[in-house]
Amino acid sequence: MLHRVIVAIGRNGYERVAPPLAEFEDELVGRLKSARAQDLLRVVDPISQRTLALRPDITAQAGRIAATRMAHRPRPLRLAYGGPILKLKTTQLRPERELIQAGAELIGSDSVTAAIEVLGVAIEALETAGVTGITVDLTLPDLIETLAAGPMPLTPARLERVRERLDAKDVGALAALDGQDYLPLVAAAGPIDRAVARLRLLDGVAPLAERLDAVERIAAAFAGRVGLTLDPTERHGFEYQSWIGFSLFADGLSGEIGRGGSYTILHADGREEPAMGFSLYIDPLVDAGLGQEPSRRVFVPAGSDPAAAAALRAEGWTTIAALGESDDPAAANCAFILRGTTPEPLQPSS
Ligand SMILES: N[C@@H](Cc1c[nH]c[nH+]1)C(=O)O
């Protein structure tokens with residue numbers, strides 16, 4: 001499944017990188033603007049005495065590679081990745097601490113066109129994996145900060161409290177906090193056309209109007225192919241994403257199956273570089289039994305011609321050789337048996 005997803009991403013021109021599972025902590029954190037210090041699984045490396053951390057996310061590692069080893073490469077730079085990550089805290093829906101993440105990062109742009117490319121690749125990779133009934137929930141992760149610094153002013157202390165109440169979708173407390181201006185943003189959340197129409201009623205809020213134009217372009221690119229919603233204040237899980245964020249869901253799969261958005265990579269010389277990307281969470285897809293291909297396992301009885309088995313492997317079969325007369329094809333989970341040079345279907349024993 002991971003392989004299939006990575007191949008689908010790669011076909012869109014994303015080059016695979018394979019950063020290590022553990023990195024020195026100082027190299028793993030601080031790469032992405034606005035990323036908060038995370039709870040990381042850490043160990044002390046007995047050789048260097050430096051702290052190693054296990055990655056909770058591969059995006060920051062892709063950012064490091066883009067800013068160091070690939071700093072000289074022309075932009076846009078397209079990177080793909082896949083592998084395990086380790087979370088310190090789990091959720092009820094996903095109690096496992098080790099998860100498999102696969103994704104893509106488009107480095108050098110965070111434009112609307114970049115957002116459409118990245119979302120398109122994510123959707124295509126999910127479709128290739130057999131996922132149907134996909135829904136994309138769009139969000140505007142830095143909208144509140146942007147409005148608070150401009151047309152809907154809030155002091156830093158009040159901003160903090162308004163943020164908390166917005167995260168809790170606590171409408172009563174928001175009103176009590178003098179955060180009434182922000183109430184329509186909460187109320188607008190829902191199917192994309194309706195949400196945009198409601199938000200358009202907030203006149204004269206320039207940064208909002210600009211983002212709604214962008215949201216409409218993104219929605220138009222995927223209308224009819226996936227379900228689309230907008231929740232302009234949703235921020236859960238969007239730590240470092242900037243103007244746009246998205247979560248991916250699908251029929252029959254529990255919880256979020258992917259997430260992404262725009263963000264900023266910090267270079268060592270202080271330069272900032274825009275980027276856009278997504279990560280898919282592979283475990284729910286595997287749990288749902290998606291992407292299973294018809295079995296091409298063939299049992300090779302003792303004494304068969306090794307060249308016949310080799311020819312089948314060259315055609316994409318998996319061969320399981322009997323070590324002796326007593327080996328059982330069913331125990332080897334084979335649906336076929338080699339007779340002469342051809343695989344013949346085995347009747348499942350009833
Ligand atoms: N890595 C992020 C999603 C993302 C990829 N690129 C940008 N954002 C996550 O898993 O939450």
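Right, let's walk through the structure included here. (Residues numbered from 1 in each chain as written. Predicted model: local features only at pLDDT ≥ 70, side-chain atom pairs only at ≥ 80, totals over all residues. Heavy atoms only, no water.)

Moving on, we get to the pairing of strand β16 (residues 342–345). For strand β15 (residues 336–339) and β16, the ladder comprises four bridges, and the chain directions are antiparallel. From the neighbouring strand, isoleucine 337 faces β16, where its bridge partner is glutamate 344. (Pairing = 2+ DSSP bridges. Helix = DSSP H or I, 4+ residues; strand = E, 2+ residues; numbered from the N terminus.)

What follows concerns the packing of aromatic side chains. Note on aromatic pairs: each is described by the distance of the centres and the angle between the planes. Summed over the entire model, instances satisfying the criterion amount to two aromatic pairs. Geometrically, the ring pair formed by tyrosine 240 and tyrosine 263 is edge-to-face, given 5.8 Å between the ring centres and 70° between the ring planes. Here tyrosine 240, found in the loop between β9 (227–230) and β10 (245–250), pairs with tyrosine 263, found in strand β11 (residues 258–266); they are 23 residues apart in sequence, far enough to count as distant. Accessibility classification places tyrosine 240 together with tyrosine 263 in one group, the buried group. Centroid distance tryptophan 317 to phenylalanine 336: 4.9 Å. Interplanar angle 85°. Geometry classified as edge-to-face. In this pair, tryptophan 317 sits in the loop between α12 (306–314) and β14 (318–321) while phenylalanine 336 sits in strand β15, placing the two residues 19 residues apart along the sequence. We note arginine 50 situated over the ring of phenylalanine 24; from NZ or CZ to the ring centre the distance is 3.8 Å. (Phe/Tyr/Trp six-rings, centres within 6.5 Å; stacked < 30°, edge-to-face > 60°. Buried < 20%, exposed > 50% of the residue type's maximum accessible area, 1.4 Å probe, protein only. Lys NZ or Arg CZ within 6 Å of the ring centre and 35° of its normal.)

With that settled, the discussion passes to the sheet that holds strand β1 (residues 15–16). Sheet strands line up and pair through hydrogen bonds in the backbone, either parallel or antiparallel. Taken in spatial order, the nine strands of this open sheet run β1-β5-β6-β12-β11-β10-β7-β9-β8, and their pairing is mixed. In this open sheet, the two edge strands, each paired with only one partner strand, are β1 and β8 (190–191). Across four bridges, the pairing between β10 and β11 is antiparallel. Looking at β11, one finds that phenylalanine 246 is bridged to glycine 260.

Where helix α9 (residues 192–200) meets helix α10 (residues 206–222), the axes come as close as 10 Å, and the angle between the chain directions of the two elements is 160°. Judged by the angle between their axes, α9 and α10 are roughly antiparallel. When you trace α9 past α10, the crossing you get is left-handed. Contacts from Ile192, Val196, Leu199 and Arg200 in α9 reach Leu208, Ala209, Leu212, Asp213, Val215, Glu216 and Ala219 in α10. (Axes fitted to C-alpha atoms, helices over the stretch in contact; angles between N-to-C directions. Parallel < 35°, antiparallel > 145°, perpendicular 65-115°, else oblique. Left-handed = near helix turned anticlockwise from the far one by under 90°. Contact = heavy atoms within 4.5 Å.)

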